[in-house]
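Structural overview
Take a look at the letters that make up each chain.
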Amino acid sequence: RIPQLVVVGAASVPANSPYDARLDPPVAGVLRLVNRFYAPGSQWGAGHRGVDLEAAVGMEVLAPAGGTVSFSGGVVDRGIVTITHPSGLRSSLEPVEPLVRIGDRVTVGQVVGLASAVPGHCAPAVCLHWGVRRGTTYLDPLSLLRGYGPIVLLPTVLLPTDGPS
């Protein structure tokens, strides 16, 4: 079994952060990171342009910040919702069954879709891919979480039990 990573936060980021916009998680509860962000070396280079969060089919997917839905629909075989935030950031969430349409204004925490059963980055497991861009530059969504920072990733260790301790 591959250890899961749980996101643990520390002090919040100062107001003068280079990323003036903070985001909330796109899922409720504890964030369980399945695949972390790896910045590509070039615009077309290999990388993982977002994070994959553990999800369950039908789980509510939330707007990480207010904004306007700039894409809602299918790409190849999966549903995607993209929200353009007033800060200039764009959040993309997939695979989802969209509950919003292009042009809809959304508020932080609003349900924008449901996690889909379509195989994605974590097949055969279900996960939600969350990508964030400023212009054409992909950013690590975890570095932008409101109230977190710096982010520390700790492996979840499963210990054998021999009965009561």
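Residues numbered from 1 in each chain as written. Predicted model: local features only at pLDDT ≥ 70, side-chain atom pairs only at ≥ 80, totals over all residues. Heavy atoms only, no water.

**A word on the nonpolar core**
This is how it is decided: Throughout this description, the term nonpolar core refers to a set of buried Ala, Val, Leu, Ile, Met, Phe, Trp, Tyr and Cys residues connected via side-chain atoms within 4.5 Å. Summary of the burial criterion: residues with accessible area below 20% of their type's maximum are buried, those above 50% are exposed, and those between are partly exposed, where the area comes from a 1.4 Å probe applied to protein chains only. Numbering of helices and strands starts at the N terminus; helices are DSSP runs of H or I of at least 4 residues and strands are runs of E of at least 2.
Core analysis: the largest hydrophobic core is formed by 28 residues, its most contacted members being Val-112 and Trp-130. Looking at this core, the elements with two or more residues in it are strand E3 (51–54), strand E6 (78–84), strand E7 (89–94), strand E10 (111–115) and strand E11 (127–134).

**Notes on the pairing of E7**
As a reminder, the rule being used: In this scheme, strands are said to pair when DSSP sees at least two bridges between them.
For E7, the buried fraction is high: five of the six residues fall into the buried class. Examined bridge by bridge, E6 and E7 share four bridges and lie antiparallel to one another. Directly across from Thr-82, in E7, lies its bridge partner Ser-92. Here E6 folds back onto E7 in antiparallel fashion, the turn holding four residues, of which Gly-88 has a positive phi close to 100°. Where E7 meets E11, six bridges bridge the pair, whose relative direction is antiparallel. Bridge pairing in E11 places Arg-90 opposite Arg-133.

**Quick look at the sheet that holds strand E4 (residues 60–62)**
Remark on secondary structure: sheet strands pair via backbone hydrogen bonds, oriented parallel or antiparallel. Our working definition: Only the contacting stretch of a helix is used when fitting its axis, a line to C-alpha atoms as for every element, and angles between N-to-C directions run 0 to 180 degrees.
Strand order in the open sheet made by the three strands is E4-E10-E8, with antiparallel pairing throughout. On the outer flanks of this sheet lie E4 and strand E8 (96–98), each paired with one strand and no other. For this sheet, the mean angle separating the axes of adjacent strands, direction not counted, is 40°. Relative to E10, E8 runs antiparallel, the two sharing three bridges. Pairing of Val-96 across the sheet is with Ala-115, part of E10.

**Comments concerning the pairing of E11**
Of all eight residues that make up E11, six are buried, and the element is covered over most of its length. In terms of strand pairing, E3 meets E11 through four bridges, oriented antiparallel. Each residue of the ladder has a partner; that of Asp-52, found in E11, is His-129. Summarising the sheet, E11 and strand E12 (residues 137–139) pair through three bridges and their orientation is antiparallel. Of the residues in E12, the one forming a bridge with Arg-133 is Tyr-138. In this antiparallel pair of consecutive strands, E11 and E12, the connection spans two residues, and Gly-135 shows a positive phi of 65°.

**What about the state of the cysteines?**
Going by this rule: Two cysteine sulfur atoms form a disulfide, by the criterion used here, when they sit within 2.5 Å.
In this structure the tally under the stated criterion is one disulfide. Between the sulfur atoms of Cys-122 and its disulfide partner Cys-127 the distance amounts to 2.1 Å. The sign of the 90° torsion about the S-S bond sets the Cys-122-Cys-127 disulfide as right-handed. Cys-127 matches Cys-122 in its accessibility class, with the two residues each being buried.

**Remarks on the side chain of Ser-116**
Note the threshold: Residue contacts are counted whenever heavy atoms from the two residues lie within 4.5 Å of one another.
Structurally, Ser-116 can be placed in the loop between E10 and E11. Other than its neighbours up to four places away in sequence, Ser-116 contacts Val-57, Pro-95, Val-96, Glu-97 and Val-126.

**Points about the pattern of salt bridges**
Our working rule: A pairing counts as a salt bridge when a side-chain nitrogen of Lys or Arg comes within 4 Å of a carboxyl oxygen of Asp or Glu.
For the coordinates displayed, the defined rule picks out four salt bridges. The partner of Asp-24 in a salt bridge is Arg-146, and the shortest N-O contact between them spans 2.7 Å. Remark: Arg-146 occurs in the loop between E12 and strand E13 (152–155) and Asp-24 occurs in the loop between strand E1 (5–8) and strand E2 (32–35); sequence separation between them is 122 residues. Assessed through its relative accessible area of 41%, Arg-146 is described here as partly exposed. Notably, a salt bridge pairs Arg-78 with Asp-77, separated by 4.0 Å at the nearest N-O pair. When its relative accessible area of 24% is taken as the criterion, Arg-78 is described as partly exposed. A relative accessible area of 46% places Asp-77 in the partly exposed class. One network of salt bridges, in which partners are shared, links Asp-77, Arg-78 and Glu-94.

As far as function goes, none of this settles anything; it's purely spatial.
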